[in-house]
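Structural overview
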Amino acid sequence: MAEPAATDSQVSDEGSRASRLTLDAWFGTPEDPHATHRAVLRLTYGITPAIVIMSVLARLLGLILPLWLIIFQGLVMMAVSWRQERLLEEGVFTPWMPAAHLNLGLLLLTVWVAFSGGVQSPFVWVYGVAIAIYGVLWGLRFALATATLCSVYLVAVLGLMRLGITNPVIGV
């Protein structure tokens, strides 16, 4: 026996579902968060030393950067990345791990950018790299969160500097 033809209401319902985009379609998460987070951790092992080295070179070129703070943050970032990678090897993964890693990395970048000229810093482009990395590996949700946190952290640190709470000449 032949199947009955689809009614108009069934066709229009399927068409409207296909044409509607849900937020989940835009803000998807990676299929394997373990592997994605491991990739971000491995990128950290290259990016963090590069930031410290560029800070030392910038200091040699005359930019007044708090090297002690940047080096300290770099060491903390590397230690946290190493610990999180050990946890992943043990099979432990929690949702706070990428968020903690993101915040530590952005704080390192923010101090670097803020003390090297703020919004006019020659290093402000590094925020775009962080946003792109998190966007590609974790999806649009993390890219938007990264962009928002970049702005919030930079405004906060620049505000503290403007109020005189932080001294841009620390570590001279």
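As a reminder, the structure under discussion sits directly above these lines.
Helices and strands together make up the secondary structure of the protein, namely 7 helices and 0 strands. Each helix (α) and strand (β) of the protein, taken in turn from the N terminus, gives the series α-α-α-α-α-α-α. Here the protein holds 172 residues, and the buried ones make up 32% of them. Sequence-distant contacts, at least 24 apart, represent 74% of the contacts inside the protein between residues at least 6 apart. Accessible area for the protein stands at about 10300 Å²; split by element, carbon and sulfur atoms hold 69% of it.

Our focus in this paragraph is the packing of helix H3 (residues 33-60) against helix H6 (residues 126-138). The geometry of H3 relative to H6 is characterised by a closest axis approach of 10 Å and an angle of 160° between their N-to-C directions. Viewed along their axes, H3 and H6 adopt a mutual orientation that is roughly antiparallel. Crossing hand, H3 versus H6: right-handed. Of the residues in H6, those touching H3 at Pro33, Thr36, His37, Ala39, Val40, Leu43 and Ile47 are Ile133, Tyr134, Leu137 and Trp138. Broken down by class, the residue content of the contact of H3 with H6 amounts to 9 nonpolar, 2 polar and no charged.

Quick notes on the rules
Residues numbered from 1 in each chain as written. Predicted model: local features only at pLDDT ≥ 70, side-chain atom pairs only at ≥ 80, totals over all residues. Heavy atoms only, no water. Helix = DSSP H or I, 4+ residues; strand = E, 2+ residues; numbered from the N terminus. Buried < 20%, exposed > 50% of the residue type's maximum accessible area, 1.4 Å probe, protein only. Contact = heavy atoms within 4.5 Å. Areas by Shrake-Rupley, 256 points an atom, 1.4 Å probe, with all protein chains shown as cover. Axes fitted to C-alpha atoms, helices over the stretch in contact; angles between N-to-C directions. Parallel < 35°, antiparallel > 145°, perpendicular 65-115°, else oblique. Left-handed = near helix turned anticlockwise from the far one by under 90°. Nonpolar A, V, L, I, M, F, W, Y, C, P; charged D, E, K, R; others polar.

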